[in-house]
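Single-letter residue listing:
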Amino acid sequence: MNIVFMGTPVFSVPCLEALINAGHNVRAVFTQPDKPKNRGHKMQMTPVKEFAVQRGITVYQPVSLRKGEEGLRSLKILEEIAPECIVVVAYGQILTKDVLSIPKYGCINVHASLLPGYRGAAPIQRAVMNGETVSGVTTMYMAEGVDTGDMILRSRTEITSDMTGEQLHDRLSVMGAELITATLEQVEKGVAPREAQNEDEACYAKMIGKDDCRIDFDKPADSVYNQIRGLSSSPGAFTFLDGKRLKVLFAEKLDRKASEPSGTVVKGEGLCVACGGEVLRLSDIQPEGGKRMKDTDYLRGRKIEEGARLG
């Protein structure tokens, strides 16, 4: 099948690789523009672009598919390529009605949730943060709304109680690659299912903001624990100690009650903190300007007295 692939982050790469390995002809890749990174502000290719360049695939990076001359130019390019299918995986742009109408088999999206739950920008992190025990991947025919199109195939996986958002991301990325190849095989044969989403079951996973990342130790320990693992390792939940930001990348919920005020460092092995009347051990942390480390290593270089406050 002749395909145009649209995707940007690391999550998208296994899907693109799987399409190539399955024998599909990826005519072009659309990905977000390169961005400056780190202190040197050196321009960095998106992961999808980097992979596509290695495979000799033509890459386009429009700022917008919807606006102005660039949008019209992108539409013309797609019309000239005339793909049988456009596969979209975490591209980061909304497709216009004109683009959606180009391919013979439509535009097919790989979304990292079991739709209609967790539509939107951050389905993986939000699922873990909310304490969900099941997640998965859905392929769907794209419509003009955000993740509202008819579903094709779904694949489920367990979210274990100690799984991080990063670990779920990596698992769903591989599952997505398997699901998109199975989906295109059924679509090409004309046997793919098509199921409308139940709007009554829909919920949205909005983009992660700064307020989502700051830890409130007044909240229940379960809620804070889920927040920490859901945001690990990017962008990372954080708190402050003596005015310095301290990222918390993993924690352990201890079977202990705490009478101390929330956010207080309490006695225990490692960095133990009162949280909603219970105790969390902040086991994996990253000091401001430093690298990820175990709490025990951090405490060897810096003594924190019981009664110190995080917040």
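Residues numbered from 1 in each chain as written. Predicted model: local features only at pLDDT ≥ 70, side-chain atom pairs only at ≥ 80, totals over all residues. Heavy atoms only, no water.

### Quick notes on the pairing of strand β6 (residues 85–89)
The following threshold applies: Each residue is placed in one exposure class: buried if its accessible area under a 1.4 Å probe, protein chains only, is under 20% of its type's maximum, exposed if it is over 50%, and partly exposed if it falls in between. Under the DSSP-based scheme used, a helix requires at least four consecutive residues in state H or I and a strand at least two consecutive residues in state E, with every element numbered from the N terminus. Being paired, for any two strands, means DSSP has found at least two bridges between them.
With 5 of 5 residues buried, β6 lies mostly within the body of the structure. The side-chain alternation of β6 yields two buried faces, one formed by C85, V87 and V89 and the other by I86 and V88. As judged from the 5 bridges shared by strand β1 (residues 2–7) and β6, these two strands associate in the parallel manner. Note that in β6 the partner of F5 across the bridge is V87. The sheet contact formed by β6 and strand β7 (residues 107–111) spans 3 bridges and is parallel.

### Quick look at the sheet that holds β6
Here is the rule we go by: For this analysis, residues touch if any pair of their heavy atoms sits within 4.5 Å. The convention used is that axes are lines fitted to C-alpha atoms, helices contributing only their stretch in contact, and that angles between N-to-C directions extend from 0 to 180 degrees.
As summarised here, the arrangement of the 7 strands in space is β5-β2-β1-β6-β7-β8-β9, forming an open sheet in which the pairing is mixed. In this open sheet, the two strands that pair with only one neighbour each are β5 (59–60) and β9 (151–158). The sheet contacts of helix α3 (residues 68–81) involve β1, β2 (25–30), β5 and β6, and relative to β2 the element is tilted by about 180°.

### So, the packing of helix α1 (residues 13–21) against helix α6 (residues 165–189)
In plain terms, the rule: For any pair of crossing helices, the crossing counts as left-handed if the nearer helix is rotated counterclockwise from the farther one by less than a right angle, and right-handed if it is rotated clockwise.
Running from amino to carboxyl end, α1 crosses α6 at an angle of 35°, the nearest separation of the two axes being 8 Å. Of the two possible hands of crossing, α1 and α6 adopt the one that is right-handed. Here P14, C15, A18 and L19 of α1 come into contact with α6, specifically with S173, G176, A177, I180, T181 and L184.

### Some thoughts on the nonpolar core
The criterion, for reference: The set of buried Ala, Val, Leu, Ile, Met, Phe, Trp, Tyr and Cys residues whose side-chain atoms join them within 4.5 Å is what this entry labels a nonpolar core.
F5, V87 and L184 are the most contacted members of the largest nonpolar core, which totals 42 residues. The greatest single-element share of this core, amounting to 8 residues, is contributed by α6. Non-local contacts of L184, meaning those with residues more than four positions away in its chain, are made with M1, I3, L19, H24, C85, V87 and I108. In terms of nonpolar packing, the next biggest core, distinct from the first, is built from 28 residues, A221, A237, L271 and Y298 among them.

### Side note on the layout of surface pockets
Here is the rule we go by: As defined here, a cavity is a set of points on a 1 Å grid over the protein atoms alone where a 1.4 Å probe fits but cannot get out. A pocket is an open set with protein on both sides within 12 Å along at least five of seven lines, and residues line them when an atom is within 4 Å of a point. Grid points are joined across faces, edges and corners, and a volume is the space filled by probe spheres set on the points. Polarity classes work like this: nonpolar for Ala, Val, Leu, Ile, Met, Phe, Trp, Tyr, Cys and Pro, charged for Asp, Glu, Lys and Arg, and polar for all others, with Gly in that last group.
Taken as a whole, the second largest pocket holds about 160 Å³ of empty space. Considering only residue class, the lining of the second largest pocket consists of 1 nonpolar, 3 polar and 6 charged.

### Focus on α6
Rules: A helix is expected to span 1.5 Å multiplied by its residue count minus one.
For α6, built from 25 residues, the straight-helix expectation of 36 Å at 1.5 Å per residue is met to within 8% by its first-to-last C-alpha distance of 35 Å. Where α6 ends, the next residue or the one after it, G190, has phi of about 80°, a positive value.

### Comments concerning the packing of α1 against helix α2 (residues 47–54)
Selection rule: In what follows, roughly perpendicular refers to angles from 65 to 115 degrees, roughly parallel to angles under 35, roughly antiparallel to angles over 145, and oblique to any angle outside these ranges.
Running from amino to carboxyl end, α1 crosses α2 at an angle of 25°, the nearest separation of the two axes being 9 Å. One element, α1, and the other, α2, form an angle in the roughly parallel class. Relative to α2, α1 is oriented so that their crossing is right-handed. Residues V13, L16, E17 and I20 of α1 form the contact with α2, whose participating residues are P47, V48 and F51. Partitioning the contact of α1 with α2 into residue classes produces 6 nonpolar, no polar and 1 charged.

### Comments concerning the packing of aromatic side chains
The criterion, for reference: Pairing of aromatic rings covers Phe, Tyr and the six-membered ring of Trp, with a centre-to-centre limit of 6.5 Å; geometry is then stacked below 30 degrees between planes, edge-to-face above 60, and tilted otherwise. We call a charge positioned over a ring when the NZ of a Lys or the CZ of an Arg lies within 6 Å of the ring centre and within 35 degrees of the ring normal.
Taken as a whole, this structure holds 3 aromatic pairs when the rule is applied. Plain terms: the ring middles of F238 and F240 are 5.7 Å apart, the flat faces sit at 85° to each other, and that makes the pair edge-to-face. A residue is classified by how much of its surface remains accessible, and F238, at 3% relative accessible area, is buried. Across from the ring centre of Y141, 4.1 Å away, lies the NZ or CZ of R194, which sits over that ring. The ring of F238 has R245 sitting right over it, with the charged end atom 4.0 Å from the ring centre.

### Describing the pairing of strand β11 (residues 244–257)
Pairing of strand β10 (residues 237–241) with β11 involves 5 bridges; the strand directions are antiparallel. Looking across to β11, one finds that T239 is bridged to L246. Hairpin remark: β10 followed by β11, antiparallel, with 2 residues in the connecting loop; positive phi at D242, about 55°. Strand direction decides the pairing type here: β11 and strand β14 (residues 278–287), joined by 8 bridges, are antiparallel. Bridge pairing in β14 places L254 opposite V279.

### A few points about the side chain of Q227
Stated formally: Throughout this description, a polar contact denotes any pair of N or O atoms lying within 3.5 Å of each other; where both atoms belong to protein, one of them has to be capable of donating a hydrogen while the other can accept it, and for residues adjacent in sequence the pair is counted only when both atoms sit in side chains.
Within the secondary structure, Q227 is located in helix α8 (residues 221–230). On the basis of relative accessibility, which here comes to 10%, the residue Q227 falls in the buried class. A polar atom in the side chain of Q227 sits 2.8 Å from the backbone oxygen of D212. Setting aside its immediate chain neighbours within four residues, Q227 contacts M129, D212, C213, R214, I215 and A237.

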